[in-house]
Amino acid sequence: METKTDQSVQTYIDSPEKLKKLYRRVIFVASLSQIFGGAGLAAGITVGALLAQQMLGTAAYAGMPIALFTLGSAAAAVLVGRLSQRYGRRLGLTTGFMLGGFGGLGVVLAAVLNSLPLLVVSMLIYGAGTATNLQTRYAGTDLAAKNQRAKAVSIIMVSAAFGAFAGPNLVGVMGEFALSIGIPALSGPFLLSGTAFLLAGLVIFLWLRPDPFLIAKAIEAYREEHKQEDVFEDAPQTYSKNGVAAGAAIMVLTQLIMIAIMTMTPVHMGHFGHDLGDIGLVIGIHIGAMYLPSLFTGILVDKFGATAMSVIAGATLTTASALAALAPGESLISIILALALLGFGWNIGLISGTTKVVDSTISDNRARIQGNVDVLIALSGASGGVLSGIVVAGSSYAVLSLAGGVLSLILIPIILWANRSKSASKVV
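Conventions adopted
Residues numbered from 1 in each chain as written. Predicted model: local features only at pLDDT ≥ 70, side-chain atom pairs only at ≥ 80, totals over all residues. Heavy atoms only, no water. Helix = DSSP H or I, 4+ residues; strand = E, 2+ residues; numbered from the N terminus. Buried < 20%, exposed > 50% of the residue type's maximum accessible area, 1.4 Å probe, protein only. Contact = heavy atoms within 4.5 Å. Areas by Shrake-Rupley, 256 points an atom, 1.4 Å probe, with all protein chains shown as cover. Axes fitted to C-alpha atoms, helices over the stretch in contact; angles between N-to-C directions. Parallel < 35°, antiparallel > 145°, perpendicular 65-115°, else oblique. Left-handed = near helix turned anticlockwise from the far one by under 90°. Nonpolar A, V, L, I, M, F, W, Y, C, P; charged D, E, K, R; others polar. Salt bridge = Lys/Arg side-chain N within 4 Å of Asp/Glu carboxyl O. Phe/Tyr/Trp six-rings, centres within 6.5 Å; stacked < 30°, edge-to-face > 60°. Lys NZ or Arg CZ within 6 Å of the ring centre and 35° of its normal. 1 Å grid on protein atoms, 1.4 Å probe; cavity = no way out; pocket = protein on both sides within 12 Å on 5 of 7 lines; lining within 4 Å. Points joined across faces, edges and corners; volume = space filled by probe spheres on them. pLDDT = per-residue confidence, 0-100.

Colleague: Please explain the overall build of the chain as it appears in this structure.
Modeller: Within the chain, the regular secondary structure consists of 16 helices and zero strands. In the chain, buried positions account for 55% of the 428 residues. Restricting the contact set of the chain to residue pairs at least 6 apart, pairs at least 24 apart contribute 85%. Surface summary for the chain: the accessible area is close to 17800 Å², and the carbon and sulfur share equals 68%.

Colleague: Please explain the environment of Ser159 as it appears in this structure.
Modeller: With respect to the helices, strands and loops of the structure, Ser159 is situated in helix α6 (residues 149–169). Residues Ser159 and Ser294 lie 135 residues apart in sequence; the distance between their C-alpha atoms is 9.8 Å.

Colleague: Whenever I open this one, the packing of helix α10 (residues 241–271) against helix α14 (residues 332–359) confuses me. Can you help?
Modeller: Describing two packed helices takes the angle between their axes plus the distance from one axis to the other. Their axes nearest at 8 Å, the elements α10 and α14 cross at an angle of 160°. The angle between α10 and α14 places the two elements in the roughly antiparallel class. The interaxial crossing formed by α10 with α14 has left-handed handedness. Across the contact of α10 with α14, the residue classes break down as 17 nonpolar, eight polar and one charged.

Colleague: Help me out: how do you make sense of the pattern of salt bridges in this one?
Modeller: Opposite charge on two side chains permits them to pair, given that their charged atoms come into close proximity. Tallying each qualifying case throughout the model produces four salt bridges. In this structure, the salt-bridge partner of Glu17 is Arg24, at a minimum N-O distance of 3.5 Å.

Colleague: What am I meant to see in the packing of aromatic side chains here?
Modeller: The geometry of an aromatic ring pair is captured by the separation of the ring centres together with the interplanar angle, meaning the angle of the planes. Under the definition given, this model contains four aromatic pairs. Centre to centre, the rings of Tyr126 and Phe190 are 5.5 Å apart; their planes meet at 70°, and the pair counts as edge-to-face. Of this pair, Tyr126 sits in helix α5 (residues 116–139) while Phe190 sits in helix α8 (residues 188–207), and the two are 64 residues apart along the sequence. Comparing Tyr126 with Phe190, the two get one shared label, buried. Feature note: the residues Phe97, Tyr126, Phe190 and Phe197 constitute an aromatic cluster, connected by ring pairs. Here the guanidinium or amino end of Arg90 rests over the ring plane of Phe205, the centre of that ring lying 4.3 Å away. In this structure, Arg137 is placed above the aromatic ring of Tyr138, and the distance from its NZ or CZ to the ring centre is 4.2 Å.

Colleague: How should I be thinking about empty space enclosed by the protein in this particular structure?
Modeller: For the structure on display, the rule yields two cavities of 30 Å³ or more. Along the walls of the second largest cavity sit His268, Ala324, Ala327, Pro328, Ser334, Ile335, Ala338, Leu339 and Tyr397, which together make up its complete lining. Of the residues forming the lining of the second largest cavity, the biggest block, four residues, is contributed by α14. Per-class residue counts for the lining of the second largest cavity are seven nonpolar, two polar and no charged.

Colleague: What's the story with the packing of α5 against helix α15 (residues 366–394) in this structure? I'm lost.
Modeller: Close contact between α5 and α15 brings their axes to 11 Å; oriented N to C, the two are set at 140°. With respect to each other, α5 and α15 are oriented oblique. Crossing of α5 against α15: the hand is right-handed. The residues of α15 that touch α5, namely those facing Leu134, Gln135, Arg137 and Tyr138, are Gln370, Gly371, Val373, Asp374 and Ile377. Considered class by class, the residues forming the contact of α5 with α15 number four nonpolar, three polar and two charged.

Colleague: Before we go on, may I ask you to explain the confidence of the model for the chain in this structure?
Modeller: Segments scoring low in pLDDT should not have their predicted coordinates read at a detailed level. Across the chain, the average pLDDT comes to 83, with 86% of residues at 70 or higher. Taken element by element, the predicted model of the chain shows its lowest mean pLDDT in helix α1 (residues 4–14) (66) and its highest in helix α4 (residues 89–113) (94). The low-confidence segment residues 422–428, where pLDDT is below 50, has 15 contacts with residues more than four positions distant or belonging to other chains.

Colleague: Can you help me understand the side chain of Ser310 in this one?
Modeller: Of note, Ser310 is situated in helix α13 (residues 306–326). Assessed through its relative accessible area of 0%, Ser310 is described here as buried. Excluding its chain neighbours within four sequence positions, the residues that come into contact with Ser310 are Ile250, Ser352 and Ile415.

Take a look at the structure:
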């Protein structure tokens, strides 16, 4: 007797058009959640250090919020990945966004009560929103054909950019709103963050159904059981440890390099007399280069493959690092070009690495491995931020940038090693 699950899966097997319609719906829902999620992430980060400085009365620990939410995001990446693996993207992503939302509102309460312990706990929980925002990109790949995966990731990343740009621009407005209701001005952006994360979770909970990951798992299991052709029109997928390692290495190194150089660029510019307007322009262009080329990048990754584009990512980051190291500190144009290339290289690396991980996993382990990889990405970003200050204090911005260039070059042999390896085995 045919089970209910089989009947549901058979609907998509019998009608590729219905499967494509579901895929488009998933992309829309995930993209919509990213607009809210991006705003939630950017608004809170913008004033996190200032709020800590205000509450502590010193700038010595102003970096504490960044460290706390990064640590929280690393832990949440594991949680979201495992929940998604067992129960589907809908439950995993909803849980992560909701936790991030409650964390953001907890920061507001901590500011009102001037409670440092509550601030610490709330920032840790707030990090769940960051991790979930990053993992949402994987939802778009669940029902995508192999030649659509990079494009799916890129569409979702572009959507996050709209929120990321809007969040910081609403900081002033939210500060005024906070004062109007009798709470500290710097808690206003976290009120926006908490609400935005909660809305992102609500979008996922209400509309990400049927669950794309569960449908993909069921279709794959049905196809294997009944010896049918793959409805995704792909060759049967196998699990490759080397492919996962290569994809993870690409994303970890690009994150480390990008965060390290970006973090110290404002300090470097300040040493050469650039004002806040110049610094804001450079960072704004850098963020634009991180997200806006995504659609173009996704098409290239799908056409030429993750391996070839990862090599280009390494070359782009090497060029950016060299330019940052060698460009005159007084030259605004040179710094803009270096940071734009740095953002673009990160963009290529993240989309290529994400695609590589998806291509190298199977439904029985994909979400869990994706969560574990994102833990490494979060920790590498935190490490890059901390180490960059140490390197510059002990030497110079040029040395930091050259070190980034060396790490970028390491990407290329890693990628070529993984590509040469033909050993791949399917495991549960």
